[in-house]
Amino acid sequence: MTESPPPSPPTPPQGRPESREVIELRRLKQDQPDLAAAADLQIELLQVQRRVQTRVPLPSIRLETEYLNSLLANGPILKFEHLPIDWSDLRFLLRATAAAMRNHDALEADDQRRADELARQADRLPGLVRSWYEAGQPGGAAIDPELEGLESLVQQAMRPFLTRAGDAVMARSDLAAWHKGTCPLCGGEPDLAVITVAADRLLICGRCAARWPFEPLTCPFCLNGNRSKITSFASRDGQYRLYACDVCERYVKAYDTRHASRPVMPVVDGVATLPLDAAAIQKGYR
Ligand SMILES: [Zn+2]
Ligand SMILES: [Zn+2]
């Protein structure tokens, strides 16, 4: 049981159709009942985020192609100041995300209390969220100890602001000149990849969902490019691939559009590939 009052229920406003992600998550639940709990959590998070998403403004950065491309040379492009964060919306998102995660046993009761406490600290919240954002960039300082263990919760709560900023910049810039394993926009790590029909691989940022091209058989985490030290295998239906690095022991999963009936959907594909995660962890990767 929780001590603080729960946020209002995350039902979508009447009459608005469900998003494609929610429809796909429901289909996934039906096809693979083992994944129902994980799918339900993501459905609830999408519904929470949707309440804020439609009113997030553009990021406060000049959205001109030439200017954005010039920033890429010293990327990542998006500084914390550019993010279109509405602080009262973020406080709602922190509480509602914590409640959803707790409902689905994805958060300890103590961590839910910490998240609620964080949402109450209006004065300190901007500094703490900046610490989270910058700690997730290459060479960033350590995260504020107050947020330790709450990283994935903050990431979920920040999603409407980060994806809005990411979409706006991605639509107006050319990321082909970027060759790093971390996100050209926010500096985050890839969470998934997509293999195009031309067999190129695009990495997808776990924070802002930006996509950028990256060598198909190089590890984005340690840049190991020795093919004999990359273990790759596919899911039984051929829909997903996993590339594991035998140097740093990390892995990245990919949605293979060459065998697909729909475009990549990171939230859905993240749930659909949980069995692949289990297989990779069993082989000693992390
Ligand atoms: Zn990013
Ligand atoms: Zn590696």
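Residues numbered from 1 in each chain as written. Chains lettered and ligands numbered in written order. Predicted model: local features only at pLDDT ≥ 70, side-chain atom pairs only at ≥ 80, totals over all residues. Heavy atoms only, no water.

1. Structural notes on the coordination of the zinc ion (ligand 1)
Phase 1 of the analysis: Bound to the zinc ion (ligand 1) on the protein side are Cys183 (SG), Cys186 (SG), Cys205 (SG) and Cys208 (SG), at distances that span 2.3 to 2.4 Å.
Phase 2 of the analysis: Around the zinc ion (ligand 1) sit 4 donor atoms; with metal-centred angles ranging over 96 to 119°, the donor geometry is tetrahedral.
Phase 3 of the analysis: One chain supplies every donor to the zinc ion (ligand 1), and in sequence these donors are spaced C-x2-C-x18-C-x2-C. Within this pair, whereas Cys183 is found in the loop between α7 (151-170) and β1 (190-195), its partner Cys205 is found in strand β2 (residues 201-205), the two being separated by 22 residues in sequence.
Phase 4 of the analysis: Among the residues examined, Cys183 registers a relative accessible area of 0% and is labelled buried. (Donors = N, O, S within 2.8 Å, 3.2 Å for Na, K, Ca; no water. Tetrahedral: all angles 85-135°; square planar, octahedral: opposite > 155°, others 65-115°. Helix = DSSP H or I, 4+ residues; strand = E, 2+ residues; numbered from the N terminus. Buried < 20%, exposed > 50% of the residue type's maximum accessible area, 1.4 Å probe, protein only.)

2. Observations concerning the nonpolar core
Phase 1 of the analysis: Ranked by size, the top nonpolar core spans 60 residues in total, and within it Leu90, Leu94, Met158 and Leu185 carry the most contacts.
Phase 2 of the analysis: When near neighbours in sequence (up to four residues on either side) are disregarded, Met158 contacts Leu83, Ile85, Leu90, Val129 and Trp132.
Phase 3 of the analysis: Counting 25 residues, the second-largest nonpolar core is a separate cluster that includes Ile43, Leu46, Ile204 and Val267. (Core = buried A, V, L, I, M, F, W, Y, C linked by side-chain atoms within 4.5 Å. Contact = heavy atoms within 4.5 Å.)

3. Here we look at the environment of Asp167
Phase 1 of the analysis: On the secondary structure map, Asp167 appears in helix α7.
Phase 2 of the analysis: Sequence spacing of Asp167 and Ala210 is 43 residues, and the spatial spacing of their C-alpha atoms is 7.0 Å.

4. Some points on the pattern of salt bridges
Phase 1 of the analysis: All told, the structure shown has 16 salt bridges when counted by the stated rule.
Phase 2 of the analysis: The residue Arg114 makes a salt bridge to Asp111 at a minimum N-O spacing of 3.1 Å. In this pair, Arg114 and Asp111 are both assigned in helix α5 (residues 109-120), 3 residues apart and thus about one turn of the helix distant.
Phase 3 of the analysis: Overall, Arg114 belongs to the partly exposed group, its relative accessible area being 27%.
Phase 4 of the analysis: One salt bridge in this structure joins Arg130 and Glu134, with 3.1 Å as the shortest N-O distance. Taken together, the residues span about one helical turn, with Arg130 and Glu134 both in helix α6 (residues 125-135) at a distance of 4 residues.
Phase 5 of the analysis: What emerges from the salt-bridge pattern is a single network uniting Glu24, Arg27, Arg262 and Asp269. (Salt bridge = Lys/Arg side-chain N within 4 Å of Asp/Glu carboxyl O.)

5. Concerning the coordination of the zinc ion (ligand 2)
Phase 1 of the analysis: For the zinc ion (ligand 2), the full set of protein donor atoms is Cys219 (SG), Cys222 (SG), Cys245 (SG) and Cys248 (SG), and the range of their distances to it is 2.3 to 2.4 Å.
Phase 2 of the analysis: For the zinc ion (ligand 2), the 4 donor atoms in the first shell make angles of 102 to 116° at the metal, a pattern classed as tetrahedral.
Phase 3 of the analysis: Each donor residue of the zinc ion (ligand 2) belongs to the same chain, with the gaps between them written as C-x2-C-x22-C-x2-C.
Phase 4 of the analysis: Using a relative accessible area of 3% as the deciding quantity, one classes Cys219 as buried.

6. Examining the side chain of Glu44
Phase 1 of the analysis: Tracing the sequence through the fold places Glu44 in helix α2 (residues 36-53).
Phase 2 of the analysis: Despite its burial, Glu44 pairs with no opposite charge; the closest candidate is Arg51, at 9.4 Å N-O.
Phase 3 of the analysis: Side chain to side chain, Glu44 and His104 meet in a polar contact 2.8 Å long. (Lys, Arg positive; Asp, Glu negative; His and termini not counted. Polar contact = N/O pair within 3.5 Å; in protein donor to acceptor, adjacent residues only side chain to side chain.)

7. Description of the packing of aromatic side chains
Phase 1 of the analysis: Evaluation of the coordinates by the stated rule reveals 3 aromatic pairs.
Phase 2 of the analysis: Relative to Tyr133, the ring of Phe80 lies with its centre 6.0 Å away and its plane at 50°, an arrangement referred to as tilted. Of this pair, Phe80 sits in the loop between α3 (65-72) and α4 (87-103) while Tyr133 sits in helix α6; the two residues are 53 residues apart in sequence, bridging distant segments of the chain. Here the two residues Phe80 and Tyr133 agree in accessibility, since each one is buried.
Phase 3 of the analysis: Taking the centre distance of 5.5 Å and the plane angle of 55° together, the rings of Tyr240 and Tyr255 count as tilted. Pair noted here: Tyr240 is in strand β5 (residues 240-245) and Tyr255 is in strand β6 (residues 251-256), with a separation of 15 residues, a long-range link. Per residue, the accessibility class of Tyr240 equals that of Tyr255, and both read buried.
Phase 4 of the analysis: Geometry around Trp132 places Arg207 over its ring, the cationic atom sitting 4.8 Å from the centre. (Phe/Tyr/Trp six-rings, centres within 6.5 Å; stacked < 30°, edge-to-face > 60°. Lys NZ or Arg CZ within 6 Å of the ring centre and 35° of its normal.)

From the geometry alone we can't say anything about function, so treat these as descriptive.
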